[in-house]
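Next come the chains, spelled out residue by residue.
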Amino acid sequence: MHLTIASDPVAVRSALDTVLASTAMLGLGDCARGTAEIVLAEVLNNIVEHAYARTTGEIQLRLVPKSDGVFVAVCDQGRAFPHEQLPQGILPVIDVDAGLPEGGFGWFLIRTLVQDLRYQRTDTTNHLSFTLLTDAEPDSVH
Amino acid sequence: MDLTATAHGALLVISICENRIDAASAIQFKERMREVTQTPSDRVLLDLSQVQFLDSSGLGAVVGVMKLLGADRKLELSGLTPTVAKVFRLTRMDSVFTIHPTLPDGLRKAS
């Protein structure tokens, strides 16, 4: 499926509803569906907040079911990532005494929950792609 | 952001009556929590049993609420649904909060 989403947190919320109810997601069980919602929310809201930095723009989302999950491609015409590289997504240090982190979790979650993450900047467009696995339960890594 | 706050002695129980705390609602959640926690209490128990989804903005807002309560007033969580629990578990934030499976006996009808 193809979807064009306005760069706005409320539009992202309604796009997630549409995507999760779509036939492209039918192969995912409840757990993988929850994972998909986390990942897509982080990816799309990251574009709203950083690539477009609250200016107007469009996000193009494409989902293609495959044998082991769903291939996801996301494009936007906002700013490139610094140095045209994805954030490393290291889990912020959790130290109650030093002050708990209130952000910096997004890319950690994305990197933990997807496979085959790729990013490319061409001319004016950011291209991000990854696979959401049908049987994904990377929590068991811990 | 629809929520209910009920005092039970030294415990203030706040039930979130929304199905998500996300980038579109995190700021509002934090502001509403700031308002309702003006009621004095030793402990604050946040009932998340109706919240089906929470993203990193929502997580940040819950941490923010914990900080604004200060060190002497504990924020505890209750009723994490599977996807919400996953976000807390993956980010290791489940080690920071006391998390109850459900509201304590006797309080369940409060919401």
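Scroll up for the structure.
These numbers were taken from a predicted model, which means no experiment stands behind them.

Thresholds applied
- Residues numbered from 1 in each chain as written.
- Chains lettered and ligands numbered in written order.
- Predicted model: local features only at pLDDT ≥ 70, side-chain atom pairs only at ≥ 80, totals over all residues.
- Heavy atoms only, no water.
- Helix = DSSP H or I, 4+ residues; strand = E, 2+ residues; numbered from the N terminus.
- Rg over C-alpha atoms; globule rule 2.2 N^0.38 Å.
- Buried < 20%, exposed > 50% of the residue type's maximum accessible area, 1.4 Å probe, protein only.
- Contact = heavy atoms within 4.5 Å.
- Areas by Shrake-Rupley, 256 points an atom, 1.4 Å probe, with all protein chains shown as cover.
- Lys, Arg positive; Asp, Glu negative; His and termini not counted.
- Charge placed at Lys NZ, Arg CZ, Asp CG, Glu CD.
- Buried area = accessible area lost by both parts, 1.4 Å probe.
- Salt bridge = Lys/Arg side-chain N within 4 Å of Asp/Glu carboxyl O.
- Polar contact = N/O pair within 3.5 Å; in protein donor to acceptor, adjacent residues only side chain to side chain.

Chemist: How should I be thinking about the overall build of chain B in this particular structure?
Modeler: When its secondary structure is counted, chain B shows 3 helices and 7 strands. Listing the helices and strands of chain B from first to last along the sequence gives β-β-β-α-β-β-α-β-α-β. The globule rule puts the C-alpha radius of gyration for 111 residues at 13 Å, and the 13 Å found for chain B is close to it. Expressed as lengths along the three principal axes of its C-alpha atoms, the size of chain B is roughly 35 × 25 × 25 Å. The buried share among the 111 residues of chain B stands at 52%. Sequence-distant contacts in chain B: of pairs separated by 6 or more residues, those separated by 24 or more amount to 72%. Summed over all atoms, the accessible surface of chain B reaches about 4800 Å², with 49% contributed by carbon and sulfur. Here chain B carries 13 positive and 12 negative side-chain charges, and the mean point of each set is 5 Å from the other.

Chemist: So what exactly am I meant to see when it comes to the interface of chain B and chain A here?
Modeler: Often the size quoted for an interface is simply the accessible area lost on bringing the parts together. Between chain B and chain A, the contact holds 25 residues from the first and 29 residues from the second. Summed over both sides, the interface between chain B and chain A buries roughly 2300 Å², with carbon and sulfur atoms accounting for 62% of that surface. It is B:Arg20, B:Lys86 and B:Leu90 in chain B that bury the most area against chain A; as a group they hold 26% of the surface buried on that side. Connecting chain B to chain A are 4 salt bridges. Ionic pairing is found between A:Arg13 and B:Asp22, a salt bridge with its closest N-O pair at 2.9 Å. Along the contact surface separating chain B from chain A lie 10 residue pairs in polar contact (both at pLDDT 80 or more). Considering every element that reaches the side of chain B that touches chain A, the biggest residue donor is helix 2 (residues 56-69) of chain B, with 8 residues.

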